[in-house]
There are 2 protein chains.
Amino acid sequence: MEGRRLLRLLFLLFATVLLLLFTLLNFPYPPSNTAELLDCTTYSPWCTSKNRFQSKKPDLVKNPSYPTRHHHAADVPHHPLDPLTIQEFNKVRSILKSYALLENKPYALHSVVLEEPEKSVVLKWQKGDPLPPRKASVVARAEGVSHVLTVDIDTSEVTGGHEMHLSGYPPMSMEDMTSATVAPLANADFNRTIIERGIDLVDLACLPISSGWFGKTDEKRRLIKVQCYSTKDTANFYMRPIEGLTVLLDLDTKEVVEITDEGRNIPIPKAANTDYRYSSQSTHQKLKLLNPISIEQPKGPSFTIEDEHIVKWANWEFHLKPDPRAGVIISRAMVRDPETKELRNVMYKGLTSELFVPYMDPTDAWYFKTYMDAGEYGFGLQAMPLEPLNDCPRNAYYMDGVFPSADGTPYVRSNMICVYESYAGDIGWRHSECPITGMEIREVRPKVTLVVRMAASVANYDYIMDWVFQTDGVIRIKVGLSGILMVKGTPYMNMDEVNQQENLYGTLLSENVIGVIHDHYITFYLDLDVDGSNNSFVKVNLERQRTKPGESPRRSYLKAERNVAKTEKDAQVKLGLYDPSEFHVINPSKKTRVGNPVGYKVVPGGTAASLLSHDDPPQKRGAFTNNQIWVTPYNETEQWAGGLFVYQNQGEDNLAVWSERDRPIENKDIVLWYTLGFHHIPCQEDFPIMPTVSSSFDLKPVNFFESNPILGIPPNVENDLPNCNAAASV
Amino acid sequence: MEGRRLLRLLFLLFATVLLLLFTLLNFPYPPSNTAELLDCTTYSPWCTSKNRFQSKKPDLVKNPSYPTRHHHAADVPHHPLDPLTIQEFNKVRSILKSYALLENKPYALHSVVLEEPEKSVVLKWQKGDPLPPRKASVVARAEGVSHVLTVDIDTSEVTGGHEMHLSGYPPMSMEDMTSATVAPLANADFNRTIIERGIDLVDLACLPISSGWFGKTDEKRRLIKVQCYSTKDTANFYMRPIEGLTVLLDLDTKEVVEITDEGRNIPIPKAANTDYRYSSQSTHQKLKLLNPISIEQPKGPSFTIEDEHIVKWANWEFHLKPDPRAGVIISRAMVRDPETKELRNVMYKGLTSELFVPYMDPTDAWYFKTYMDAGEYGFGLQAMPLEPLNDCPRNAYYMDGVFPSADGTPYVRSNMICVYESYAGDIGWRHSECPITGMEIREVRPKVTLVVRMAASVANYDYIMDWVFQTDGVIRIKVGLSGILMVKGTPYMNMDEVNQQENLYGTLLSENVIGVIHDHYITFYLDLDVDGSNNSFVKVNLERQRTKPGESPRRSYLKAERNVAKTEKDAQVKLGLYDPSEFHVINPSKKTRVGNPVGYKVVPGGTAASLLSHDDPPQKRGAFTNNQIWVTPYNETEQWAGGLFVYQNQGEDNLAVWSERDRPIENKDIVLWYTLGFHHIPCQEDFPIMPTVSSSFDLKPVNFFESNPILGIPPNVENDLPNCNAAASV
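Residues numbered from 1 in each chain as written. Chains lettered and ligands numbered in written order. Predicted model: local features only at pLDDT ≥ 70, side-chain atom pairs only at ≥ 80, totals over all residues. Heavy atoms only, no water.

By the naming in an unreviewed UniProt entry, chain A is Amine oxidase, taken from Ilex paraguariensis.

Rendered as structure tokens:
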């Protein structure tokens, strides 16, 4: 007994030291109050952008249209929608320090972003006008209470601050997440079970898993679940789960509330063949399949980025900024009319509003995995620096994010977004005359697009988010899934050991590894303003018509019936292959020359729908996925589909609830919401890292232009194309 | 009266001369019996490939891996599946000339293609083995009877020849189509009505429109409908319909059976703004939006084409050939296993089996427009030469087609197919570690694909057909729609003239022009042979499971239920968003290391389903679109989803009929059929030529590989990428 007590004491001591060390190392800001600029490129171990891209191409550097980088310390806002600058973050931080509600209390900032001016103000603003007052929207937690504050940066006035009455907590701060992963080490029982499973504590990697909400109404504290893995012999610890061990933690106090310790009979899967890093591949594994291939633009890109955030490309212009919660925000998207040469409004604001990722295993260590990556983790906070030449091609421009730490000190997330032009060999439009008419015509135009990309790594999974702008007026919104599966340990080595009746909740991917079935839903907020703010939503239903006897040799045909949605419930849409519609957002006050209302339509692509029961707590919280399309009247407080405070909330304040109010939406400023979905039954090809799977949907002009807006673009000719030599060395 | 008779006579004379002239000019072969090689590049006015691509890039020419072109006259077959060569076509032609059934009769050949050897023979054959006997499959029509013949090229033996007992006729020959467009000019009533509408006969362009079948059972002749347009002041005559005038023609005799002449009150739409040719654009219309952009491979492409038809790229190898009916045929597609380094069978044969394009206007001049472009017009026959640098990028290789004229003389359709590598800046797989774990990892791999492309111009419409091979084992089959709408004349100039209740059957696109609603269905024949011929079809249904009380805090989750299809009816699939499944073709005899059956799945993308009534004659003929997925046992006579003879058939012999036999399909050589669909409600942006709209589906490995097959591919590094200079002149 004495020996065991000593051992326990030693564990405790060791764990405490480790915790301290880890916390210090991972702290994104110095404990002192210095106001110096923190750049992730050099400061924090989590900001891995040492290889920040510097173009070596002299012609790009020479080209004055190629955007040059700025030093963020000197950034000033140029546009009403520009994100907060380093200087503004520091100002906010010092204002809050002396704000009565927070003064002399330990507090943490969970969100500090620009409080955008009213839409009418932004719409009126023109370049050269003075900027409207700069304000920060702040979510602060102090003594267990969340405060939503508005900080006027010029006047130092702070307003708001009343407690929220709804369930739920703000997004975790980075500090919440990193400290949660080491907190269990302070618990001796935890350490003992780890050691007893044969794992060195130095080989431990733990993940903070949002605990969701499952029907308890009396929970009054922020909770998180922690699950751990062995990093021994692989960088891909995700494939080595310590199955059945779950630590329930108080996020504020870091106190261990409960340890569930089952699954000791489940071996930790082997490390062999799990590492995906090129440097870890054996010569036998390395595949040299292809000669070098590159998208080349010897005269430089065709886009410019003005004032850091205004992207101008071909016939498009829009405001682009990083956001800690949404990742990328596109604002004021306008397209130039080829006839009038004027810029026309298409979308006031578009963003990834929420993600919902329920796993399909109801057992103890898995049932709670029902992630909402934007509202719980911060989709933008998880967007790591993009890897030049691989995440984006050589011709890409990179944009940094500036985000606040929990104490308000700003840091730079470099290369968070890239912008590049893409040409895949595709065709914008074409026509050949054929033998039947005998005319000698072959007219073909290449298709070139502008891609805005971000890649968020929410622990294991990687989401590649693309906003693709096309010259024909289409905006394609594309989601790619890659990264690493969340897997479950199992005693099974082979399917022949498994009873046919047993439910594995997934696929045996390798010895002792099950890839658990899950869904991904990504819900987009799309505030379309088609030629102005007042728009209507029209469902154009394609309905089978039977012909009357004697009317026609045909017995049936399809007819398009236009139905203008009066209120929100008219615009709750479940897609159906056998109940097809087009979904138009039109401007009822503006018509084309021949009298069609101008519009844009949302064109769904391959997708999936949530099949969870509506009374299932995760689906109550994820009720914004109950339909694929919703339309709501514009309301500046309704931007986050899962609610402002998503963490542990009970689903009382989300898109589904708002839409049930059934407010009028005809000829109003409206917002369209679209949810893209994936069912994912893992397969062995997803092991140990998944090839990208993508899906997309389009926003497409429909009688918006008088005619094909790219009728006048030229074909490629040999003389335009570059002369390229192979690289000097290989 | 005298004057009018003279006028009529003059018309007749003029029309006859015109007809003669047109026919001679358009004849693809000389009326003499010379056996010389006809190359469309120089011979016929319909083969517009004067700008045949010759690479100017010295490094490509120097690179021995870059495919070089061959002279077709000397072509010899190298592989059992190689298409018939010029010499073989000529041999077949001379054999048939002295074949008893055709001798001394006028006859026309509607199809002459390789009769592929039995599958077992092809599978056994290896490079170096002697070729199996070369045979041609011939469809000949003589004296109103269609004969299906087999010609043994070595022995000159002809077999078959019995009359077909089912309804329907073989695909039209090019000569059928071109002669039908001028035949109405021999009819004085036709000419008079044209002139009376104010159109010069020299401005007339007519289209041959397959007449379909609408319930008559006594029709015993080949009929076609002809509709005409004014070419005055525009190359885009499709936008200038002579509405309501339809000529019913006997295709064999060219006799005018009936003229329907309505719609004289409908003006011919104006030519203004209809021409899409760059040379016809005004300076004001021309748009210079972009700097030059190009896909560059200074070390040349990574693929080779052996023996003219075997494409080897990265981990893929397949046989590629042009086909007059299907367009492109991919055979023997195999992928190299990264572990064993062996080539593994994926697909024995894949092709576009049929298209079904019903228009949704039941009125007189439109009800019959229910095209089946492969079986009626020949999808490959309509594939025009691709335009280098625009239809395919600079790094493309072009493959020619060799097809027979109606008398059997071969001609060359140059640049019919292109093969190129594409890099769009997309990501093959990636993972970054994030702040939560603090590890410094960013591993990203670029995604490069191989595209096989064809573009068929079936009169107005252009179909861009891509087979895209990915290194991760995926084959993406993508259909792009561009070209020109089939439009309808109308008296309306503006929607405000239209009564709300009136059904336009489409959209007013411009003054006097309606774009009529229509659907496109493209049905693919996919003879998957996953690691061998005997496969099973498994529907993996994702079904909602309710948890039992007390089982879990969750109330529901999704469970994957595997259902092996026993017979064909088990594999008739209507897709549903709320009834989701995966669709696997597995090899039940072959399992992965951990015991999953190896397989490929078909992954539907955005699609549409036919809603026409099943009792509607067009839908009876297009019944192969009644489901999106079908699986049939392999049967070499079942390759064309609409039946072998589609023209005017009554739908007694198509995929739906075969599948109703409900034959066993478990652990058999099976064929999967997939239909991709589009509903098209035209919009003004489609006028006067449509920006490309695409959709696709995937064939994707599912537990086919032991793990991610591209784990070992390298990232891009700066030193691999080319140095490019701007073109010398602009």
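A. Examining the overall build of chain A more closely. Across its full length, chain A carries nine helices and 33 strands. In the structure as shown, chain A presents an accessible area of about 25100 Å², 51% of it carried by carbon and sulfur atoms. (Helix = DSSP H or I, 4+ residues; strand = E, 2+ residues; numbered from the N terminus. Areas by Shrake-Rupley, 256 points an atom, 1.4 Å probe, with all protein chains shown as cover.)

B. Layout of the pairing of strand S28 (residues 581-591) of chain A. All names here are of chain A. In the sheet, strand S26 (residues 534-546) pairs with S28 via six bridges, with the strands oriented antiparallel. Bridging from a neighbouring strand, Val-538 pairs with His-584 of S28. In textbook terms, the turn of a hairpin is the stretch between consecutive antiparallel strands, and for S28 and strand S29 (residues 597-603) this stretch comprises five residues, one of which, Gly-595, has a positive phi near 95°. (Pairing = 2+ DSSP bridges.)

C. Just the sheet that holds strand S6 (residues 204-210) of chain B, in detail. All names here are of chain B. In space, the four strands of this open sheet follow the order S6-S7-S8-S9, with antiparallel pairing throughout. The two strands at the open ends of the sheet, each matched to only one other strand, are S6 and strand S9 (256-261). In this sheet, adjacent strand axes meet at a mean angle of 25° when their direction is disregarded. Examined bridge by bridge, strand S7 (residues 223-230) and strand S8 (residues 245-250) share four bridges and lie antiparallel to one another. (Axes fitted to C-alpha atoms, helices over the stretch in contact; angles between N-to-C directions.)

D. Representation of the state of the cysteines. Residues and elements named next belong to chain A. Across all of its chains, the model carries five disulfides over all chains by this definition. Each sulfur in the disulfide pair Cys-206 and Cys-228 lies 2.1 Å from the other. Classification of the bridge connecting Cys-206 and Cys-228 rests on its S-S torsion, roughly 105°, and on that basis the disulfide is right-handed. Linking Cys-206 in strand S6 (residues 204-210) with Cys-228 in strand S7 (residues 223-230), this pair joins segments that are 22 residues apart in sequence. Look at Cys-228 and you get buried, because its relative accessible area is 2%. (Disulfide = S-S within 2.5 Å. Buried < 20%, exposed > 50% of the residue type's maximum accessible area, 1.4 Å probe, protein only.)

E. Structural detail: the relation of the copies chain A and chain B. Once turned by 180° and shifted 0.0 Å along the axis, chain A lies on chain B with an RMSD of 0.0 Å. Put plainly, the chains are arranged around a two-fold axis. Proximity to the rotation axis, assessed at the C-alpha, singles out Cys-724 of chain A in chain A; its C-alpha lies 1.9 Å from the axis. Interface overlap between copies is the fraction of interface residues in one copy that are interface residues in the other; for chain A against chain B it reaches 100%, indicating a shared surface. (Least-squares fit on C-alpha atoms with pLDDT ≥ 70 in both. Contact = heavy atoms within 4.5 Å.)

F. Expanded view of the sheet that holds strand S23 (residues 506-510) of chain A. Residues and elements named next belong to chain A. As summarised here, the arrangement of the three strands in space is S22-S24-S23, forming an open sheet in which the pairing is antiparallel. The open sheet has two edge strands, strand S22 (487-489) and S23, and neither has a second partner. Adjacent strand axes in the sheet meet at a mean angle of 40° when their direction is disregarded.

G. Geometry of the pattern of salt bridges. In the structure shown here, the tally under the stated rule is 99 salt bridges over all chains. The partner of Asp-669 of chain A in a salt bridge is Lys-119 of chain A, with the nearest N and O atoms 2.7 Å apart. Here Lys-119 of chain A lies in helix H4 (residues 119-124) and Asp-669 of chain A lies in strand S31 (residues 668-680), a separation of 550 residues in the sequence. The pair formed by Asp-669 of chain A and Lys-119 of chain A is uniform in burial state, with each residue classed as buried. When the shortest N-O distance is used, the salt bridge between Asp-462 of chain B and Arg-430 of chain A registers 2.6 Å. Here Arg-430 of chain A lies in strand S18 (residues 410-432) and Asp-462 of chain B lies in strand S20 (residues 461-470), a pairing that spans two chains. The exposure class assigned to Asp-462 of chain B is buried, which follows from its relative accessible area of 0%. Among the ionic contacts, a cluster of salt bridges with common partners joins Asp-189, Arg-192, Glu-196, Arg-197, Asp-261 and Arg-264 of chain A. (Salt bridge = Lys/Arg side-chain N within 4 Å of Asp/Glu carboxyl O.)

H. Seen up close, the side chain of Arg-663 of chain B. Residue and element names in this part refer to chain B. Structurally, Arg-663 can be placed in the loop between helix H9 (655-660) and strand S31 (668-680). Polar contacts involving the side chain of Arg-663 include one to the side chain of Glu-638, which spans 2.9 Å. Engagement of the side chain of Arg-663 in a polar contact is seen with the backbone oxygen of Trp-658, the distance being 3.4 Å. Setting aside anything within four residues of it in sequence, one finds Arg-663 in contact with Lys-566, Thr-567, Glu-568, Thr-632, Pro-633, Asn-635, Glu-638 and Trp-658. (Polar contact = N/O pair within 3.5 Å; in protein donor to acceptor, adjacent residues only side chain to side chain.)

I. Structural context of the confidence of the model for chain A. Here chain A averages 91 in pLDDT, while 90% of its residues score no lower than 70. Scored below 50 in pLDDT, residues 22-68 of chain A shows 99 contacts in the model against residues more than four places distant or in partner chains. (pLDDT = per-residue confidence, 0-100.)

J. Structural context of helix H6 (residues 188-196) of chain A. Among the residues of H6 of chain A, those classed as buried are Ala-188, Phe-190, Asn-191, Thr-193 and Ile-194 of chain A. N-capping of H6 of chain A is provided by Asn-187 of chain A, with a side-chain oxygen placed 2.9 Å from the backbone N of Asp-189 of chain A.

K. Summary view of the environment of Gly-473 of chain A. Within the secondary structure layout, Gly-473 of chain A lies in the loop between strand S20 (461-470) and strand S21 (475-483). Taking the C-alpha atoms as reference points, Gly-473 of chain A and Pro-701 of chain A, 228 residues apart in sequence, are found 6.0 Å from one another.

L. Molecular detail of the interface of chain A and chain B. At the interface, 207 residues of chain A touch 207 residues of chain B. The junction of chain A with chain B conceals about 18600 Å² of combined surface from both sides, 55% of it contributed by carbon and sulfur atoms. Among the residues of chain A in contact with chain B, Ile-293, Ile-436 and Arg-442 of chain A are the three that bury the most area, contributing 5% of the side total. In this structure, the connection of chain A to chain B is made through 20 salt bridges. (Buried area = accessible area lost by both parts, 1.4 Å probe.)

M. Seen up close, the side chain of Thr-547 of chain B. Mapping Thr-547 of chain B onto the fold places it in the loop between strand S26 (534-546) and strand S27 (556-564). Thr-547 of chain B gets classed as buried once you look at its relative accessible area, which sits at 14%. Engagement of the side chain of Thr-547 of chain B in a polar contact is seen with the backbone oxygen of Arg-554 of chain B, the distance being 2.5 Å. Once residues within four sequence positions are removed from consideration, Thr-547 of chain B is found in contact with Pro-362 of chain A together with Ser-552, Arg-554, Arg-555, Ser-556 and Tyr-557 of chain B.

N. Focus on the environment of Arg-141 of chain B. Residue and element names in this part refer to chain B. Inspection of the secondary structure puts Arg-141 in strand S3 (residues 135-142). Taking C-alpha positions, Arg-141 is 8.7 Å from Leu-102, a pair spaced 39 residues apart along the chain. Residues within four places of Arg-141 in sequence aside, it is in contact with Pro-106, Tyr-107, Ala-108, His-110, Ser-146, Tyr-169, Pro-170, Arg-222 and Asp-252. There is a polar contact of 2.7 Å between the side chain of Arg-141 and the side chain of Asp-252.

O. Molecular detail of the packing of aromatic side chains. Applying the stated criterion across every chain, the model contains 50 aromatic pairs over all chains. With 6.2 Å between their ring centres and 50° between their planes, Tyr-371 of chain B and Tyr-377 of chain B make a pair best called tilted. As far as the burial class goes, Tyr-371 of chain B and Tyr-377 of chain B line up, both buried. One aromatic cluster in this structure is built from Tyr-359, Trp-366, Tyr-371 and Tyr-377 of chain A. Over the ring of Tyr-278 of chain B we find Lys-286 of chain B; its NZ or CZ atom is 4.5 Å from the centre of that ring. (Phe/Tyr/Trp six-rings, centres within 6.5 Å; stacked < 30°, edge-to-face > 60°. Lys NZ or Arg CZ within 6 Å of the ring centre and 35° of its normal.)

P. Spotlight on the nonpolar core. Of all hydrophobic cores here, the largest spans 283 residues; its most connected members are Trp-467 and Phe-537 of chain A together with Trp-467 and Phe-537 of chain B. Each of domain 2 (184-280) and domain 3 (324-382 + 459-711) of chain A gives at least three residues to this core. (Core = buried A, V, L, I, M, F, W, Y, C linked by side-chain atoms within 4.5 Å. Domains from an automatic or database assignment.)

Q. Quick look at the environment of Glu-143 of chain A. Residue and element names in this part refer to chain A. Mapped onto the fold, Glu-143 is located in the loop between strand S3 (135-142) and strand S4 (145-152). Using a relative accessible area of 59% as the deciding quantity, one classes Glu-143 as exposed. In this structure Glu-143 touches Lys-105 and Pro-106, once residues within four positions along its chain are discounted.

R. Expanded view of helix H5 (residues 174-182) of chain A. Of all the nine residues making up H5 of chain A, nine are buried; the element is thus mostly covered by neighbouring parts of the structure. Buried residues of H5 of chain A: Met-174, Glu-175, Asp-176, Met-177, Thr-178, Ser-179, Ala-180, Thr-181 and Val-182 of chain A, and no others.

S. Spatial organisation of the pairing of S6 of chain A. A large share of S6 of chain A lies buried, amounting to seven of its seven residues. Side chains of S6 of chain A alternate between two faces, with Leu-204, Cys-206, Pro-208 and Ser-210 of chain A and Ala-205, Leu-207 and Ile-209 of chain A buried alike.

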